[in-house]
Amino acid sequence: MTWIENAWYVAAWDAGVDFEPVSRTICGVPMVFYRRLDRSVVAMRDACPHRLLPLSMGIREGDSIRCKYHGLRIGPDGKANEMPLRSDPVNARVCAETFVTHERHRFVWVWIGEKDKADPALIPDLWPCSTEGWTFDGGYYHVACDYRLMIDNLMDLTHETYVHSGSIGQLEILEADIETIAENDSVFVQRWMPGIDAPPFWRQALGKDGPVDRWQICQFLKPASVMIDVGVALTGAGASLASHDQGARGMVVDFMTPETENTHHYFWGMARNFNIHDAGLTARMKKQQGGVFAEDKDILEAQQRAIEANPDMRLSAYRIDEGGVRARQIIARAIKNAQAELAN
Amino acid sequence: MTWIENAWYVAAWDAGVDFEPVSRTICGVPMVFYRRLDRSVVAMRDACPHRLLPLSMGIREGDSIRCKYHGLRIGPDGKANEMPLRSDPVNARVCAETFVTHERHRFVWVWIGEKDKADPALIPDLWPCSTEGWTFDGGYYHVACDYRLMIDNLMDLTHETYVHSGSIGQLEILEADIETIAENDSVFVQRWMPGIDAPPFWRQALGKDGPVDRWQICQFLKPASVMIDVGVALTGAGASLASHDQGARGMVVDFMTPETENTHHYFWGMARNFNIHDAGLTARMKKQQGGVFAEDKDILEAQQRAIEANPDMRLSAYRIDEGGVRARQIIARAIKNAQAELAN
Amino acid sequence: MTWIENAWYVAAWDAGVDFEPVSRTICGVPMVFYRRLDRSVVAMRDACPHRLLPLSMGIREGDSIRCKYHGLRIGPDGKANEMPLRSDPVNARVCAETFVTHERHRFVWVWIGEKDKADPALIPDLWPCSTEGWTFDGGYYHVACDYRLMIDNLMDLTHETYVHSGSIGQLEILEADIETIAENDSVFVQRWMPGIDAPPFWRQALGKDGPVDRWQICQFLKPASVMIDVGVALTGAGASLASHDQGARGMVVDFMTPETENTHHYFWGMARNFNIHDAGLTARMKKQQGGVFAEDKDILEAQQRAIEANPDMRLSAYRIDEGGVRARQIIARAIKNAQAELAN
């Protein structure tokens, strides 16, 4: 296994699950998601306990799903509440596996692991997605690569120069020095660029002229998220790596949810604390970000194919890769600890 | 292996094999089928004994096939009758594996197993396909699922309510009680619905008004057929589950021929004893049946994929599944007996 | 392994490699090929030593390639000459595997095996491709079959009668007797057809009337080439199997380069010593040859699929197959010797 269990993963954007059942495989398990009439989210194994037909092919009846094959009806608690022959008594042992879900930060999260440990407090604190004074939007890509390759990618922004040479790439990124800090279950890779000319986008966001201090702080959060804190403040306004609410600030948020060992669901978005009521800006930023991440998707899928085509080769890690290396260490340690716990 | 050996399987509709060689894989073995000039059917391994090019790519010469690669010519007895260099003496050991075929009930049957046991008397007795006073027609689908899933499907008509909700499905089927009887190498699942209003199709077929007794009797026949006896008779005419030639009667016939462990050839049709000269009715019934069975194909292929996507789950069997369960027991027992025989 | 190591294989036509990097898998290894500014050819593992992205996706900078992912720059010697962070000192151990190449006979050859044994003198002597008084052109096909099936095909021209029945096939080929001679690392299959009427193509090539002697000499050259010497001379002009420069002569040249165990690169062409300045004839011959070899490709890919679909069957060898059998023996012996050497 390449992913952490007993953890929350993003299953969908909030608007990505509605009354109509939808199927999505999470951490190797086919699941069906739909909303009850009260809009709370149900997640179940996407296979009827009778003959395994996907429940997502079934028909909603109130908060239940009736299987399209023989009509076994499963309630949102996973338990059968009507047998194929409706006159037959309901067998209490007939049930679909259910999964704990929780909605936060505009996403539907699903708990992978032992249900009784599913504590919403363990959902990563992605405050920019749901804090007053901030706005947030984004999108989704299916990416045919190991989700850890996407984490590597996001924890090392030097790739922007080459992968995104037509858009956000710039050589300055290569010149600023980086610092990598691993603490507990998180890793930070940070760049501080003091007293520079603001790039056009950030000058406009800031709404002021003059030299700026600029920052980029990539943060990995267990089990599989990356937040990138980016922005500028006027030089002299007192901004620092530790505290920088003096200027225009954005948060790139990225959630990598394993589908299989070689594919994953990629949820991406951007939060910001400037011009938050400018819906046109929100739409333009989402479109641009979608274009940028499509470039990453192309590169990462080529990388996955290359890994498979060169089985005698191993990934190397240079100084720029330290963030990804540390993130992978956290993942590997958590997997190992869980296995040790199981063995006891 | 998931199928019975030393048994007859349907290879094709009678009109599906002609002078032109056609390829079809039966029980894992690629075969070529064609008719001799006297119209008897030849079945051989679809691989030239020389360099394995499919013989179905070859050229008919009289009753022989000349391989398209180097021209080795194989007679309908499987023996080479001309070498690639025509002047070379024919090597008597050069031959293609042949298979025993037999035509009956409008189908070409092929014997899988030891040739000397290929007794046409072992072909299942599907009398409605070839009895005076009856007419019969049908079609073919390739279905990407284990052939036993189709047997399960046909031995349990409760699925009609949901899978065929737009056509033949009706809730009454769920209300009638069923009885399952296994005897020797056959299984019956039967429903008797006395004194009901005839559905429009059957009222027209019967040509008389008044309450009717209606029946549905699914019969599994070893190794892989299902016949479904359906119809209505006027209440009081003396019809019973055991004998019901008093009214309008149809026989749905289904032959499942394994191609691989996860795919099969599905031959289906319908025989009837009413309005047998009405070619328009025959065409309409075939078209409707084709639509209904296409719905089954969709469901069963989704079920096969779900079985593969949920390797930790098993099919469950409820009361409605008893017919399929019994049929699978007959298949499993025959496979086991054959293996025991081989081991002795 | 099904191919000989420590040998030269054709990687590309000379015009098939230019400044733009191109990817091609040779003997199971993904490689990138490109020309230095001085037009010499570079061959490297097509995977960046950093994170394995194909170097063929990278950007040429002088004679180096900069990886499209993080900008590691690899020189034509395979060594990194700039790190992703340009200010970082170059790590001398960072390098891509390189391969020895050599250009001869209008092809780019690549050495598979131990580099220090890569002697250009070991390139097969395909003199008609680069001899004064001869002209040469041809094409390329990707063929989804074991490269040895193509060798079998070329060493036995009886297939022309059936595979190429619409073009070059003729029954006379089946009537002439063949002789197979294996000597050292080469195999010859030869036909001598004395005193016959010249076919139209050859009569025109010869430019003279009268009975001719015609020859076909297929030669296998280790590790994976076949040259076919074809032509006619006026009867009485003194031509023989051993020496036949008296008439019009062509050389079909074929290079089979393994891609994987079940696929190969097929380079084909034709050299001739008549009308060598007739560019229209060259183009017509190439077009015809391309059509003929496309027929072989269809047959061989069907043969490969049939081999996989009939795992219980083996290829048989008749008298006509002796050339291919001998060629395969040379290949198998060389593989075995190399393994024995490795074991010592």
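This section reports on the structure supplied with the text. Nothing here was measured: the structure is a model prediction, and the numbers come from that model.

Criteria and cut-off values
Residues numbered from 1 in each chain as written. Chains lettered and ligands numbered in written order. Predicted model: local features only at pLDDT ≥ 70, side-chain atom pairs only at ≥ 80, totals over all residues. Heavy atoms only, no water. Helix = DSSP H or I, 4+ residues; strand = E, 2+ residues; numbered from the N terminus. Rg over C-alpha atoms; globule rule 2.2 N^0.38 Å. Buried < 20%, exposed > 50% of the residue type's maximum accessible area, 1.4 Å probe, protein only. Contact = heavy atoms within 4.5 Å. Areas by Shrake-Rupley, 256 points an atom, 1.4 Å probe, with all protein chains shown as cover. Lys, Arg positive; Asp, Glu negative; His and termini not counted. Charge placed at Lys NZ, Arg CZ, Asp CG, Glu CD. Pairing = 2+ DSSP bridges. Axes fitted to C-alpha atoms, helices over the stretch in contact; angles between N-to-C directions. Buried area = accessible area lost by both parts, 1.4 Å probe. Salt bridge = Lys/Arg side-chain N within 4 Å of Asp/Glu carboxyl O. Polar contact = N/O pair within 3.5 Å; in protein donor to acceptor, adjacent residues only side chain to side chain. Least-squares fit on C-alpha atoms with pLDDT ≥ 70 in both.

**Points about the overall build of chain A**
No. 1: From N to C terminus, chain A includes six helices and 18 strands.
No. 2: By the compact-globule yardstick of 20 Å for 344 residues, chain A fits well, its C-alpha radius of gyration being 22 Å.
No. 3: For chain A, the spread of C-alpha atoms along the three principal axes comes to 80 × 50 × 35 Å.
No. 4: The 344 residues of chain A split such that 55% are buried.
No. 5: Partitioning the contacts of chain A with sequence separation of at least 6, the portion at a separation of at least 24 is 56%.
No. 6: Of the roughly 14,300 Å² of accessible surface on chain A, 51% is carried by carbon and sulfur atoms.
No. 7: Averaging the coordinates of the 36 positive side-chain charges in chain A and doing the same for the 47 negative ones gives two points 6 Å apart.

**Some remarks on the pairing of strand β4 (residues 41-45) of chain C**
Residue and element names in this part refer to chain C.
No. 1: Here β4 lies mainly inside the structure; five of its five residues are buried.
No. 2: Relative to β4, strand β3 (residues 29-35) runs antiparallel, the two being bridged by five bridges. Residue pairing in the sheet places Met 31 in a bridge with Arg 45 of β4.

**Brief notes about the sheet that holds strand β11 (residues 107-112) of chain B**
As a general point, the strands of a sheet are linked pairwise by backbone hydrogen bonds and lie either parallel or antiparallel.
All names here are of chain B.
No. 1: Pairing within the open sheet is antiparallel, and its three strands lie in the order β1-β11-β10. Of all the strands in the sheet, just β1 (7-13) and β10 (101-104) have a single pairing partner and so form its edges. Averaged over all pairs of adjacent strands, the angle between their axes in this sheet comes to 35 degrees, without regard to strand direction.
No. 2: Bridging between β1 and β11 involves six bridges; their strand directions are antiparallel. Counted as the bridge partner of Tyr 9 is Val 110 from β11.

**A word on the interface of chain B and chain A**
No. 1: Facing 30 residues of chain B, the contacting portion of chain A comprises 25 residues.
No. 2: Both sides together, the interface formed by chain B and chain A hides about 2,400 Å², and carbon and sulfur atoms give 59% of it.
No. 3: For chain B, the biggest contributors to the area lost against chain A are Tyr 162, Met 313 and Tyr 318 of chain B; these three give 29% of the whole.
No. 4: At the junction of chain B and chain A, the tally comes to three salt bridges.
No. 5: Measuring nitrogen to oxygen at the nearest pair gives 2.6 Å for the salt bridge that ties Asp 312 of chain B to Arg 45 of chain A.
No. 6: Summed over the shared surface of chain B and chain A, the result is 13 residue pairs in polar contact (both at pLDDT 80 or more).
No. 7: Of all the secondary-structure elements, those providing two or more residues to the side of chain B that touches chain A are α1 (147-154), α2 (160-163) and α5 (279-309) of chain B.
No. 8: Looking at the side of chain B that touches chain A element by element, the count peaks at seven residues for α5 of chain B.

**So, the relation of the copies chain B and chain A**
No. 1: With an RMSD of 0.0 Å, the fit of chain B onto chain A corresponds to turning through 120 degrees and sliding 0.1 Å along the axis. Here the symmetry operator amounts to a three-fold rotation axis. No C-alpha of chain B lies nearer the rotation axis than that of Glu 308 of chain B, which sits 13 Å from it.

**Considering the pattern of salt bridges**
Pairing between side chains of opposite charge can happen when their charged atoms approach one another.
All names here are of chain C.
No. 1: Scanning all chains against the criterion turns up 75 salt bridges over all chains.
No. 2: For Arg 106, the salt bridge goes to Asp 137, with nearest N and O atoms at 3.9 Å. Taken together, the residues span a long stretch of sequence, with Arg 106 in the loop between β10 (101-104) and β11 (107-112) and Asp 137 in strand β12 (residues 135-143) at a distance of 31 residues.
No. 3: Taking the relative accessible area as the measure of exposure, Arg 106 reaches 33% and is therefore partly exposed.

**Looking at the interface of chain A and chain C**
By a widespread convention, an interface's size corresponds to the accessible area lost as its parts come together.
No. 1: Listed as interface residues are 30 residues of chain A and, on the opposing side, 25 residues of chain C.
No. 2: Across the chain A/chain C interface, buried area totals approximately 2,400 Å², and carbon plus sulfur atoms make up 58% of it.
No. 3: Looking only at chain A, the three residues that lose the most surface to chain C are Tyr 162, Met 313 and Tyr 318 of chain A, adding up to 29% of its buried area.
No. 4: Where chain A packs against chain C, one counts three salt bridges.
No. 5: Our enumeration of links across chain A and chain C arrives at 13 residue pairs in polar contact (both at pLDDT 80 or more).
No. 6: Elements supplying a minimum of two residues to the side of chain A that touches chain C: α1 (147-154), α2 (160-163) and α5 (279-309) of chain A.
No. 7: With seven residues, the single largest contributor to the side of chain A that touches chain C is α5 of chain A.

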